[in-house]
Amino acid sequence: MTTLGPVALVAGGSRGLGLLIARELGRRGFVPVLWARDPEELDRAVLALGDEGIYAGAMVCDVRDADRVEEQLARVEDELGPVEVAVHVAGVIEVGPLASLTRAHFEEAIGIMQWGPINLALALVPRMRARGRGRFGVIASVGGLVSVPHLLPYSTAKFAAVGFTNGLRAELAGTGVTATTVAPGLMRTGSHLRAEFTGDPAAEYAWFAPGASMPLVSMDAERAAARIVRGILRGRSIVILTPLAKVGSRVAGLAPATTAAAMSLLARLLPDGPDRPTETVDGQTARRRLDSPLVERLTVWGNRAAARNNEGAA
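Conventions used here
- Residues numbered from 1 in each chain as written.
- Predicted model: local features only at pLDDT ≥ 70, side-chain atom pairs only at ≥ 80, totals over all residues.
- Heavy atoms only, no water.
- Helix = DSSP H or I, 4+ residues; strand = E, 2+ residues; numbered from the N terminus.
- Rg over C-alpha atoms; globule rule 2.2 N^0.38 Å.
- Buried < 20%, exposed > 50% of the residue type's maximum accessible area, 1.4 Å probe, protein only.
- Contact = heavy atoms within 4.5 Å.
- Areas by Shrake-Rupley, 256 points an atom, 1.4 Å probe, with all protein chains shown as cover.
- Lys, Arg positive; Asp, Glu negative; His and termini not counted.
- Charge placed at Lys NZ, Arg CZ, Asp CG, Glu CD.
- Expected span 1.5 Å × (residues − 1).
- Polar contact = N/O pair within 3.5 Å; in protein donor to acceptor, adjacent residues only side chain to side chain.
- Core = buried A, V, L, I, M, F, W, Y, C linked by side-chain atoms within 4.5 Å.
- Salt bridge = Lys/Arg side-chain N within 4 Å of Asp/Glu carboxyl O.
- Pairing = 2+ DSSP bridges.
- Right-handed = clockwise from strand over helix to strand, strands pointing away.

A count of helices and strands for the chain gives 13 helices and 12 strands. For 314 residues, the compact-globule formula gives about 20 Å, and the C-alpha radius of gyration of the chain, at 19 Å, lands near that figure. On the principal axes, the C-alpha backbone points of the chain span a range of 55 × 40 × 35 Å. Counting all 314 residues of the chain, 53% fall into the buried class. For the chain, the proportion of contacts with a sequence separation of at least 24, taken over those separated by at least 6, is 76%. Just so you have it, the chain exposes about 13,500 Å², and 56% of that area is on carbon and sulfur atoms. Side-chain charges in the chain split into 34 positive and 32 negative, and the spacing between the mean points of these groups amounts to 9 Å.

A word on unusual backbone geometry. Positive phi, normally seen in glycine, also occurs at His150, with a value near 70°. Considering the arrangement of structural elements, one finds His150 in the loop between strand E6 (134-139) and helix H6 (152-171). Judged by relative accessible area, which is 10%, His150 ranks as buried. Positive phi is not limited to glycine here, since Leu216 has a value of about 75°. Relative to the assigned elements, Leu216 resides in the loop between helix H7 (201-211) and strand E10 (219-220).

Two residues of an α-helix separated by three or four positions point the same way, owing to the 3.6 residues in each turn. The first and last C-alpha atoms of helix H8 (residues 221-233) sit 18 Å apart over 13 residues, in line with the 18 Å expected at 1.5 Å per residue. Every buried residue of H8 is listed here: Ala221, Ala224, Ala225, Ala226, Ile228, Val229, Gly231 and Ile232. Two or three places before Glu222, at the start of H8, stands the capping residue Asp220, its side-chain oxygen 3.3 Å from that residue's backbone nitrogen. With its phi angle positive at about 75°, Gly235 sits one or two positions after the end of H8.

So, on to the nonpolar core. By size, the foremost hydrophobic cluster in this structure holds 48 residues, and its most contacted members are Leu9, Trp35, Val83, Leu120, Phe136, Phe197 and Phe208. In this view, Val83 contacts Val7, Leu9, Leu73, Val76, Glu77, Leu124, Met128 and Arg131; residues no more than four positions away in its chain are not counted. One finds Val10, Leu20, Ala36 and Ile232 within the second-largest nonpolar core, a separate group that totals 31 residues.

This part covers the pattern of salt bridges. Within this structure, the stated rule accounts for 15 salt bridges. Of the charged contacts, one joins Arg15 and Glu311 as a salt bridge, the two residues approaching to 2.7 Å between their closest N and O atoms. Here the residue Arg15 occupies a position in the loop between strand E1 (7-11) and helix H1 (16-27), and Glu311 occupies one in the segment after helix H13 (300-308), the gap between them amounting to 296 residues. Taking the relative accessible area as the measure of exposure, Arg15 reaches 23% and is therefore partly exposed.

The side chains of a regular strand alternate, residue by residue, between the two faces of the sheet. Counting buried residues along E1, 5 of its 5 residues qualify, which places the element largely inside the surrounding structure. Side chains of E1 alternate between two faces, with Val7, Leu9 and Ala11 and Ala8 and Val10 buried alike. Pairing between E1 and strand E2 (residues 31-36): 5 bridges, direction parallel. Counted as the bridge partner of Ala8 is Pro32 from E2. One crossover worth recording links E1 to the parallel E2 by way of H1, and it is right-handed.

Printed below as a string of structure tokens:
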């Protein structure tokens, strides 16, 4: 067994926020092990971390596959040592009206963002409990505290992730192992280019991409990653990032009827789409179809982040 430092597992660590979290953990002396489904993405991520002097491991692992999660976790601990910190970041963003969604959209979101944290916890938490120490974090979202229209599969899965992680923390009380729920708002990771759009993809991209890119509306992702890692290592119960996310979560708790009315109004303002399921395209395709100079100007910060964070060519 090679001992290079304490091991930190990042599920969904090949790009975007996951890669930034892995980088932050590496800067703090951990050996990050990245899990993702795309081996080429993983290779690029490991090289990018290596350029900063951070040694990282990488394994192909689909968090929806419980048996594979068990196998790869055992391999990590056999080869590198016990996993001291694990962060589940893997996710998919599907944008579009309900009429254009299918059961498959919900199954994909729930498989990755609900079953993913459960599969990882069932495999890892008993090992952490036996050692009497460990930090487990799940990246949920403000969309797991306030259900947002045109993001229904995403919000459905994130609500489940919040409920699971909060309950897991209670179950782990007094064991030396903590579980942290992370509920960020919009961050400039470049994920708008990897999101999936349905209904009228170009019109959906036109509102979603600027929101995920513009300062004041979205948060710098590197700063977010630093705060997330700090909160998880300190064993905090919940980390909520961005002022809008904090306000939204408080208003939803204090005034649920008002929040529901606001979300209904927002749904009416968002683009209409065909009253039937339609093709699903990625953000790069939706961007080309829209071909809007204005949206390009509004997303310049997010596109630059995409290039930095292995989210695809901007």
